[in-house]
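Now for the letters of each chain:
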Amino acid sequence: MSIATIKVIDSHTGGEPTRIVVAGIPDLGGGSIAEQANFFREHHDWLRSAVANEPRGHDAMVGGLLLPSSRPDCLCGVIFFNNISTLHMCIHGTIGLGVILAHLGKISPGEHRIDTSVGVITLTLHDDGKVSVANVPSYRMARQVAVQVPNYGEVKGDIAWGGNWFFLINEQGPPVDSQHISELTAFTTAVKNALADQGITGENGMEIDHIESFGPPADASLADSKNFVLCPGNAYDRSPCGTGTSAKLACLHADKKLTAGQVWRQAGIINSVFEGSVEPIDETKCIPTVCGRAWIIGEATYHFSPDDPFRHGIASAT
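For the structure given in this document, a descriptive report is provided here.

What counts and what doesn't
Residues numbered from 1 in each chain as written. Predicted model: local features only at pLDDT ≥ 70, side-chain atom pairs only at ≥ 80, totals over all residues. Heavy atoms only, no water. Buried < 20%, exposed > 50% of the residue type's maximum accessible area, 1.4 Å probe, protein only. Helix = DSSP H or I, 4+ residues; strand = E, 2+ residues; numbered from the N terminus. Pairing = 2+ DSSP bridges. Disulfide = S-S within 2.5 Å. Contact = heavy atoms within 4.5 Å. Polar contact = N/O pair within 3.5 Å; in protein donor to acceptor, adjacent residues only side chain to side chain. Salt bridge = Lys/Arg side-chain N within 4 Å of Asp/Glu carboxyl O. Right-handed = clockwise from strand over helix to strand, strands pointing away. Core = buried A, V, L, I, M, F, W, Y, C linked by side-chain atoms within 4.5 Å.

Some remarks on the pairing of strand 7 (residues 119-125)
So, point 1. Counting buried positions along strand 7 yields five of seven residues, so the element is predominantly enclosed.
So, point 2. Direction of pairing for strand 6 (residues 110-116) relative to strand 7: antiparallel, over a ladder of seven bridges. Paired with Thr 116 across the strands is Gly 119, a residue of strand 7.
So, point 3. The antiparallel hairpin formed by strand 6 and strand 7 contains two residues in its connecting segment.
So, point 4. When strand 7 meets strand 8 (residues 131-134), the two strands line up antiparallel, connected through four bridges. Within the sheet, the bridge partner assigned to Thr 122 lies in strand 8 and is Ala 134.
So, point 5. Where strand 7 hands over to strand 8, the hairpin turn is made up of five residues, of which Gly 129 adopts a positive phi near 95°.

Right, dumping it as C-alpha cells:
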C-alpha cells in the first residue's frame, strides 16, 4: 500500500535525529496507541522504512507518527520507530517532539501529557526552550547479571526498564569515548547477541534490545558519567539516550545513590548532556525525568512515485 505524499519535520536532540510525520499518516484502525502501533507494524511497515531507511533516512534515524489520542487528558499520541521496527519509548524523540509541537504552534511553555504505547508521559516545555520528560515508571529488574560473551569473557550488568529494556555495563570493554565507536559497537553487539543466546531477557521474556556501556565523563565539571548506547538495529545513540538515562536513574535510585530531586548529568558519546532526576515510587521504582535541548533542522514533503523501486526505502542491512 502507498499514499501520495507525507509531511515530516526533522529535529535533533543532543545530536540524535528525530523525524516526525505530521501529515499523510494512514488510518491505523483506532484504539489505544499500543493497538495502533501493532497495526502500523503489521500493515504499514512500508511507511516506517520509507521514513527511517535510505534513501531518505539512515540507520541512526528515529521516526515518529504524530497522532490524536483517545485519552481526553492527553494532548496527542506518538508512535516511535527506527530502522528496523517500532520502539516502545523514545525520550530524545519526545524532546524533539516538544520543539516540533511548539514550532507548529500547538503548545506553549508548560506541562503537556503525551500518550505512548507503554503509557502516558508528561512533556514540559520550559521558557528557555529546554524540554523535560517525566517518563513511565522505571526500575531495575536484576543487579550485576553475568553473561558469557565470546571474545570478551564474562561481562556483568544490570537489567533495567526505562521505557525500553537495557543491559547497563559499568567500565568494562573498550573505553567509552568517540575514538572507540567501532570497538564499542562490536562489544555491545556481542553482549546483546550473548544475552539472547543465553536466554537472558527482561520481564515476560521481552528482549533486552538496548546495551549501555558507561565510563568516566570527559569533563567531570559538566557531567557525572558518559555512556555509549547500542540501539535496536545496531546503530548507536548520538545523544545520551533518554530511556537509557532513565534506566541509569532507576539503578541509582535502587542503590540509594540518588535522592529525590537530585540532578544526575549524563553525557553521551559525543558529549551532549541530559539532566535527570527521580521521583521515588517505592524503594525499587521511580519516575525518572530527563531534560535536554532539541533543535528544528528541516521540513519536507515526501513523494512516492509509483515507478520508484525504492519509494518505500531500502531495508536496513543490520
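Things to note about the state of the cysteines
So, point 1. Under the defined criterion, the tally for this structure stands at zero disulfides.
So, point 2. Free cysteine: Cys 74, not disulfide-bonded; nearest cysteine sulfur from Cys 76 at 8.0 Å.
So, point 3. On the basis of relative accessibility, which here comes to 10%, the residue Cys 74 falls in the buried class.
So, point 4. Unpaired in terms of disulfides, Cys 291 finds its nearest cysteine sulfur in Cys 90, a separation of 16 Å.
So, point 5. Residue classification places Cys 291 among the buried positions, given a relative accessible area of 13%.

Remarks on the environment of Arg 48
So, point 1. Relative to the assigned elements, Arg 48 resides in helix 2 (residues 45-52).
So, point 2. Among the residues examined, Arg 48 registers a relative accessible area of 6% and is labelled buried.
So, point 3. Sequence separation of Arg 48 and Asn 82 is 34 residues, and the distance between their C-alpha atoms is 7.4 Å.
So, point 4. Arg 48 has contacts with Phe 40, Asn 53, Phe 81, Asn 82, Asn 83, Ile 84, Ser 85 and Thr 86, leaving out every residue within four places of it along the chain.
So, point 5. Among the polar contacts made by the side chain of Arg 48, one reaches the side chain of Asp 45 at a distance of 2.7 Å.

Some words on the environment of His 44
So, point 1. As for its position among the elements, His 44 is in the loop between helix 1 (33-43) and helix 2.
So, point 2. Looking at His 44, the relative accessible area reads 4%, which means it is buried.
So, point 3. Placed 155 residues apart in sequence, His 44 and Gly 199 show a C-alpha to C-alpha distance of 30 Å.

Considering the pattern of salt bridges
So, point 1. Tallied over the entire structure, the rule returns eight salt bridges.
So, point 2. A salt bridge links Asp 73 to Arg 113; the nearest nitrogen and oxygen atoms lie 2.8 Å apart. Of this pair, Asp 73 sits in the loop between strand 3 (62-67) and strand 4 (76-81) while Arg 113 is found in strand 6, placing the two residues 40 residues apart along the sequence.
So, point 3. In this structure, the salt-bridge partner of Arg 265 is Asp 224, at a minimum N-O distance of 3.2 Å. Linking Arg 265 in strand 14 (residues 264-267) with Asp 224 in the loop between strand 12 (210-215) and strand 13 (225-230), this pair joins segments that are 41 residues apart in sequence.
So, point 4. Given the relative accessible area of 22%, Arg 265 is considered partly exposed.
So, point 5. Exposure remark for Asp 224: the relative accessible area of 31% places this residue in the partly exposed category.
So, point 6. In this structure, a network of salt bridges that share partners links the residues Arg 140, Arg 143, Asp 158 and Asp 255.

Quick word on the pairing of strand 12
So, point 1. Buried residues dominate strand 12, accounting for six of its six residues.
So, point 2. Residues His 210, Glu 212 and Phe 214 of strand 12 are buried on one face, and the alternating residues Ile 211, Ser 213 and Gly 215, pointing to the opposite face, are buried as well.
So, point 3. As paired strands, strand 11 (residues 165-170) and strand 12 are joined by five bridges and run parallel to one another. If you follow Asn 170 over to strand 12, its bridge partner there is Phe 214.
So, point 4. With respect to chirality, the unit in which strand 11 leads through helix 4 (residues 181-197) into the neighbouring parallel strand 12 is right-handed.

As for the nonpolar core
So, point 1. One finds Phe 167 and Val 191 to be the most contacted residues of the largest nonpolar core, which totals 59 residues.
So, point 2. When residues no more than four places from it in sequence are discounted, the contact partners of Val 191 are Val 149, Val 155, Phe 167, Ile 169 and Ile 211.
So, point 3. Of all hydrophobic cores here, the second largest spans 19 residues; its members include Val 8, Ala 37, Val 51 and Leu 67.

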